[in-house]
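Descriptive structure summary
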Amino acid sequence: MNKCDSEVLASILVEHGYVHTEDIDSADVVLLNTCSVRDTAERKVIGKLGRLKHLKQDRPDMILGVCGCMAQSWGDQLSDKFPHVDIVLGTSRLPELPRLIKRCRELGSAVVDISETPSEDEFLNKSRESSVTAWINIMHGCNNFCSYCIVPYVRGRERSRSSSSILREVKSLAEAGYKEVTLLGQNVNSYGLGSDESLDFAGLLALIDREAEGIERIRFTTSHPKDVSPRLMDALANLPKVCKHFHLPAQAGSNNVLARMNRGYTREYYMDLAQKLRERVPDISITTDLITGFPGETEEDFADTLDLVRQVQFDIGFCFRYSPRRDTPAASMEDQIPEDVKLRRLHELLKVQDEISMAKNEALIGTRHEVLVEGCNPRDESQITGRTSTNKIVFFPGHAGLIGQLVTIAITDTGNWSLRGEQCELEGTRIEHTASLL
Ligand code: SAM
Ligand code: SF4
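In this report, we go over the structure that sits alongside the text. Each chain has its residues counted from 1, running along the sequence as written. The naming scheme follows written order: chains are lettered A onward, ligands numbered 1 onward. Note on the predicted model: pLDDT of at least 70 is required for a residue's local features to be given, and 80 or more for side-chain atom pairs to be given and counted; whole-chain, interface and lining totals, by contrast, use all residues. Excluded from the side-chain calculation are hydrogens and water; included are all heavy atoms of the structure.

Let us now look at the overall build of the protein chain. Of regular secondary structure, the protein chain possesses 13 helices and 18 strands. Here the protein chain has a C-alpha radius of gyration of 23 Å; the compact-globule value for 438 residues is 22 Å, and the two agree. Referenced to the eigenvectors of the C-alpha coordinate spread, the extents of the protein chain come out at roughly 65 × 55 × 45 Å. In this scheme, a residue with accessible area under 20% of its type's maximum is buried, one over 50% is exposed, and one in between is partly exposed, where area comes from a 1.4 Å probe on protein chains only. Each of the 438 residues in the protein chain was classed as buried or not, and the buried ones make up 53%. Contact definition: two residues touch when any of their heavy atoms are within 4.5 Å. Long-range contacts, defined as pairs at least 24 residues apart, comprise 71% of the intrachain contacts of the protein chain with a sequence gap of at least 6. Here the open area of atoms and residues is found with the Shrake-Rupley method and a 1.4 Å probe, where only the protein chains shown may cover a residue. Looking at the protein chain as shown, the accessible area adds up to about 19,900 Å², and 51% of this sits on carbon and sulfur atoms. None of His or the chain ends enter the tally, which takes Lys and Arg as positive and Asp and Glu as negative. Lysine's charge is taken at NZ, arginine's at CZ, aspartate's at CG and glutamate's at CD. Here the protein chain contributes 52 positive and 65 negative side-chain charges, whose respective centroids are spaced 1 Å apart. Each helix is a run of DSSP H or I of at least 4 residues and each strand a run of E of at least 2, with the numbering of both proceeding from the N terminus. Based on C-alpha atoms, the radius of gyration is set beside the globule rule, defined as 2.2 Å times the residue count to the power 0.38.

The disulfide definition used here is simple: a pair of cysteine sulfur atoms within 2.5 Å. For the structure shown, the criterion picks out zero disulfides. As a non-bridged cysteine, C69 has C35 as the owner of its nearest cysteine sulfur, 6.0 Å distant. The thiol of C104 is unpaired, and the distance to the nearest cysteine sulfur, on C67, comes to 12 Å.

Looking at where H247 falls in the secondary structure, it is placed in strand β10 (residues 245-247). Using a relative accessible area of 9% as the deciding quantity, one classes H247 as buried. A 3.5 Å cut-off defines polar contacts: any pair of N or O atoms within that distance qualifies, except that in protein one atom must be a possible hydrogen donor and the other a possible acceptor, and neighbouring residues in sequence count only when both atoms are side-chain atoms. Polar contacts involving the side chain of H247 include one to the side chain of T287, which spans 2.8 Å. A distance of 3.0 Å separates the side chain of H247 from the side chain of D289, its partner in a polar contact. Residue contacts for H247: discarding those within four places in its chain leaves T221, T222, S223, T287, T288, D289 and F318.

To continue, consider the environment of V352. On the secondary structure map, V352 appears in helix α13 (residues 339-362). Through-space distance from the C-alpha of V352 to that of L306 is 7.5 Å; in sequence the pair is 46 residues apart. Every residue in contact with V352, bar those within four places of it in the chain, is listed here: L306, V309 and R310.

What follows concerns the site of ligand 2. Any residue with at least one heavy atom within 4 Å of a molecule or strand is counted as near it. Lining the immediate surroundings of ligand 2 are C142, N144, F145, C146, Y148, C149, V151, P152, Q186, H224 and R263. Each residue gets one of three labels, nonpolar for Ala, Val, Leu, Ile, Met, Phe, Trp, Tyr, Cys and Pro, charged for Asp, Glu, Lys and Arg, and polar for the others, Gly among them. Of the residues assigned to the shell around ligand 2, the class counts are seven nonpolar, three polar and one charged.

Close contacts around ligand 1 come from 16 residues, with Y148, Q186, Q251, D289 and S323 the closest. For ligand 1, an oxygen atom lies 3.0 Å from a polar atom in the side chain of R38. Between a nitrogen atom of ligand 1 and a main-chain N or O atom of Y148, the distance comes to 3.0 Å. Considered on its own, ligand 1 offers 560 Å² of accessible surface; in the complex 90% of this is hidden by protein. Secondary structure elements with two or more residues in the shell around ligand 1: β11 (285-292) and β12 (316-321). Its residues assigned to classes, the shell around ligand 1 shows seven nonpolar, four polar and five charged.

With that out of the way, let us pick up the pattern of salt bridges. Here, a salt bridge means any Lys or Arg side-chain nitrogen found within 4 Å of an Asp or Glu carboxyl oxygen. Under the definition given, this model contains 29 salt bridges. Of the charged contacts in the structure, one is a salt bridge between R280 and D234, with a shortest N-O distance of 2.4 Å. In this pair, R280 is assigned in helix α11 (residues 267-280) and D234 in helix α9 (residues 230-238), connecting sequence segments 46 residues apart.

Attention now goes to the sheet that holds β12. Paired strands, in this sense, are two strands between which DSSP finds at least two bridges. As summarised here, the arrangement of the three strands in space is β10-β11-β12, forming an open sheet in which the pairing is parallel. Because the sheet does not close on itself, it has two edges, and the strands there are β10 and β12. The sheet shows a mean angle of 15° between the axes of neighbouring strands, taken without regard to direction. Axis lines are fitted to C-alpha atoms, over the contacting stretch for helices. Their N-to-C directions set the angle, which ranges from 0 to 180 degrees.

Each neighbour pair has its own omega, and for T221 with T222 the value is 5°, a cis peptide bond. Here T222 is to be found in the loop between β9 (217-221) and α9. Positive phi is not limited to glycine here, since Q313 has a value of about 60°. Residue position: Q313 is located in the loop between α12 (299-312) and β12. If you check the backbone angles, N391 has positive phi at about 70° while not being a glycine. Its location among the elements puts N391 in the loop between β14 (380-388) and β15 (393-397). For N391, a relative accessible area of 23% gives the class partly exposed.

Burial in helix α5 (residues 97-107) covers these residues: L97, P98, L100, I101 and C104. The arc enclosing the buried residues of α5, seen along the axis, measures out at 160°, which places them on a common side. Exposed positions of α5 whose direction lies more than 90 degrees from the buried face are K102, E106 and L107. Residues of α5 that are buried make contact with α1 (2-15), β1 (29-34), β2 (63-68), β3 (87-89) and β4 (111-113). Looking one or two residues past α5, G108 carries a phi angle of roughly 70°, positive in sign. Arc definition: directions from the helix axis to the C-beta atoms.

Let us look at the environment of F396. If you trace the backbone, F396 turns up in strand β15. In the structure, F396 is positioned 314 residues away from F82 in sequence and 46 Å away in space, judged by C-alpha atoms. With residues up to four places along the chain from it excluded, the contact list for F396 reads V371, V373, S382, Q383, I384, G386, V407, I409, G421 and E422.

Attention now moves to the packing of aromatic side chains. Two aromatic rings from Phe, Tyr or Trp, using only the six-membered ring of Trp, form a pair when their centres are within 6.5 Å; if the ring planes differ by under 30 degrees the pair is stacked, by over 60 it is edge-to-face, and anything between is tilted. For the structure on display, the rule yields nine aromatic pairs. On the basis of an interplanar angle of 70° and a centroid distance of 5.6 Å, the ring pair of F294 and Y322 is categorised as edge-to-face. A residue pair is termed long-range when its members are at least 10 positions apart, and F294 in the loop between β11 and α12 and Y322 in the loop between β12 and α13 qualify at 28 residues. Y322 carries the same exposure label as F294, and that label is buried. Here the aromatic rings of F318 and W417 are separated by 5.9 Å at their centres, their planes lie at 55°, and the arrangement is tilted. Here the residue F318 occupies a position in strand β12, and W417 occupies one in the loop between β16 (406-414) and β17 (418-423), the gap between them amounting to 99 residues. Feature note: the residues Y265, Y269, Y270 and F314 constitute an aromatic cluster, connected by ring pairs. Residue placement shows R38 over the ring face of F320; its charged tip is 3.7 Å from the ring centre. Whether a charge sits over a ring comes down to the Lys NZ or Arg CZ being within 6 Å of the ring centre and within 35 degrees of the ring normal.

So, in structure tokens, the structure goes:
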């Protein structure tokens, strides 16, 4: 989502006559787009702001802006603490950027806009990094208030974009040659709820699948387990363009912890859901997010998380140690867990998950998959890279002319995070998303 917002910010500036540069010393405007989800992300920004102080001293005309969740959460405190910051721009106000730059130049002092009222301009991203695959925001904000999470406080309440506007953007991407779209939201499967929109998320997938000629693949992230409907499972099973990958954050495997996280489901519900998904879509990959050391997590609770991971057999698990976030209920819960315990549990969890990821990837050796080629391997010119429908990254010998094409790849080798393969003769043919033995 942050990468998508960064592209939108770049696109807004390009529309106003700016040109993108990789050379920070020649930039008239430098923006830091920030994340607040964990403390490490905020500390990175603070370190970077410290380093940028010298640049601002050397070139006082350069505008330094901070955007995103940290800007929203810190507001004026950010420009007070770092007087060399010129612009603080909140998450609902991205299209205001050119106006803020103008005002900052006129006033000669810092300007802050963290209003929660969404900016009226709707802005279509025209400055994307990839020419093959594109992110599309379908909704903003979150209503779930998981007790550890800062997102509802920095991105506001859930607001769904209209399906007609989303479809217009997808069609324009198809016309520009894009082959894949990823629909973004904090909880995409509650799309449409509480709005005038008549379609639910399954209906939106069906609309794009049917109407967006030229788009070969539709992905989405993230889904909340409590809102996965039978209609969504039908969509995954039946719509040919919808990829066979489901990112389904579990967060924990203990019912005690899940309740205190305010997640709204139990481990039994989650495991049943994962099983149903596999029954409906047998070759689906399921990935997850997990947190260790949530306040009050006992060794038994943590053992339940390890057990859930072993039982569900995730393709990938993104594991984090709990980071207390300002204003969230969990930050003031009793029984905060010492950092060394959080870290020990994190390493244990990563070890178990890595073994599972490795075993799942090794089982793919000798199978073939349809891969959408996204680009060259930056570390090896003779190699190109793309993804399977199940969202596995594959590297294989090839040339830049294949970028944007669907090719059939036989998997020959594997690591935890990526696969290696070779192109089969039947270049560009569809194999209906299933992995078949060679
Ligand atoms: N909306 C998505 C969902 O419900 O799962 C995810 C949003 S959050 C930006 C991405 C992941 O960060 C979460 O799934 C969670 O595992 C992790 N996360 C959020 N708050 C955290 C915290 N305070 N400490 C550690 N990890 C956190
Ligand atoms: Fe955060 Fe929970 Fe909302 Fe995800 S669903 S963004 S974890 S509050």
